[in-house]
Amino acid sequence: DQATSYEGQERAEVRDWTQRFITSAIFTAPLLVIAMSHGAITFPAINWLQLGLTLPVLLYGGGRFYRSAWAAARRLTSDMNTLIVVGTSSAFLYSMVATAAPSWVASPGTHHVPVYFDTAAGIITLILLGRVFETRARGRTSLAIRRLLDLQATTARVIRNGSEVDIPLDEVIIGDTVVVRPGEKVPVDGMVIEGVSF
């Protein structure tokens, strides 16, 4: 059944976004704690630790964004994914240089070079959360629309040559007399010419 297959695909997409969000949130949380400590949490390899925590967020959590942005770039276009990739990559690449070769980005005599790994990971994680909400809402809306369509009649009973005949809806023409019995769905718009109902 096509509807069942579609619902299965929607559930799989929600599951995928949710897994990416949860994984990213787990790695992003310690990055935010380090950033919000304003230097209270520090040790010699702290930037390397932040680099290690950010990589899974960008590679796994942001993987779909990066693939979509690359596909758009090959078509010489851009989209929302391009903006995400440019923002997160800029923060990540600068921070990686500041970690591996701080003298390249720091003024002489500077003891601490700021890094923005938390920014790159935080952007990805928040956008993933938005995608989870968006996909769930779209799935509920699609389900509601499909349920409404299921309520629609597929055939109509019309009077042809003096007798009642069931025909597909697309064969009903203007001027046909449609018979609707008690409890049945009204299959098409029309004017009541005989009988009453509620």
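Refer to the structure printed above.
Attention in this report is confined to the structure presented alongside it. None of the values given here were measured: they were computed from a predicted structure. (Residues numbered from 1 in each chain as written. Predicted model: local features only at pLDDT ≥ 70, side-chain atom pairs only at ≥ 80, totals over all residues. Heavy atoms only, no water.)

## Some thoughts on the pattern of salt bridges
Then comes step 1: Under the counting rule described, the total for this entry stands at 11 salt bridges.
Then comes step 2: One salt bridge connects arginine 64 with aspartate 16, and the closest N-O pair in it is separated by 2.7 Å. Taken together, the positions of arginine 64 in helix 3 (residues 63-74) and aspartate 16 in helix 1 (residues 2-36) put the pair 48 residues apart, joining distant regions of the chain.
Then comes step 3: Shared partners join several salt bridges into a network, and the residues in it are Glu13, Asp16, Arg20, Arg64, Arg131, Glu134 and Arg138. (Salt bridge = Lys/Arg side-chain N within 4 Å of Asp/Glu carboxyl O. Helix = DSSP H or I, 4+ residues; strand = E, 2+ residues; numbered from the N terminus.)

## What about the sheet that holds strand 3 (residues 178-179)?
Then comes step 1: Spatially, three strands are ordered 2-1-3 in an open sheet, and the strand pairing comes out antiparallel. The strands lining the two open edges of the sheet, one partner per strand, are strand 2 (163-168) and strand 3.
Then comes step 2: Direction of pairing for strand 1 (residues 155-160) relative to strand 2: antiparallel, over a ladder of six bridges. Of the residues in strand 2, the one forming a bridge with valine 158 is valine 165. (Pairing = 2+ DSSP bridges.)

## Here's the deal with the packing of aromatic side chains
Then comes step 1: Counting across every chain of the model gives three aromatic pairs.
Then comes step 2: Measuring from ring centre to ring centre gives 5.7 Å for tryptophan 17 and phenylalanine 65, while their planes differ by 25 degrees; the resulting arrangement is stacked. Of this pair, tryptophan 17 sits in helix 1 while phenylalanine 65 sits in helix 3, and the two are 48 residues apart along the sequence. A single burial state applies to tryptophan 17 and to phenylalanine 65, both of which are buried.
Then comes step 3: Relative to tyrosine 116, the ring of tyrosine 94 lies with its centre 5.8 Å away and its plane at 40 degrees, an arrangement referred to as tilted. Of this pair, tyrosine 94 sits in helix 4 (residues 80-100) while tyrosine 116 sits in the loop between helix 4 and helix 5 (117-151), and the two are 22 residues apart along the sequence.
Then comes step 4: Owing to a relative accessible area of 29%, tyrosine 94 belongs among the partly exposed residues under this scheme.
Then comes step 5: Residue classification places tyrosine 116 among the partly exposed residues on the basis of a relative accessible area of 37%.
Then comes step 6: Above the face of the tyrosine 60 ring, arginine 20 is positioned so that its terminal group lies 4.9 Å from the ring centre. (Phe/Tyr/Trp six-rings, centres within 6.5 Å; stacked < 30°, edge-to-face > 60°. Buried < 20%, exposed > 50% of the residue type's maximum accessible area, 1.4 Å probe, protein only. Lys NZ or Arg CZ within 6 Å of the ring centre and 35° of its normal.)

The values are spatial; any link to function lies outside them.
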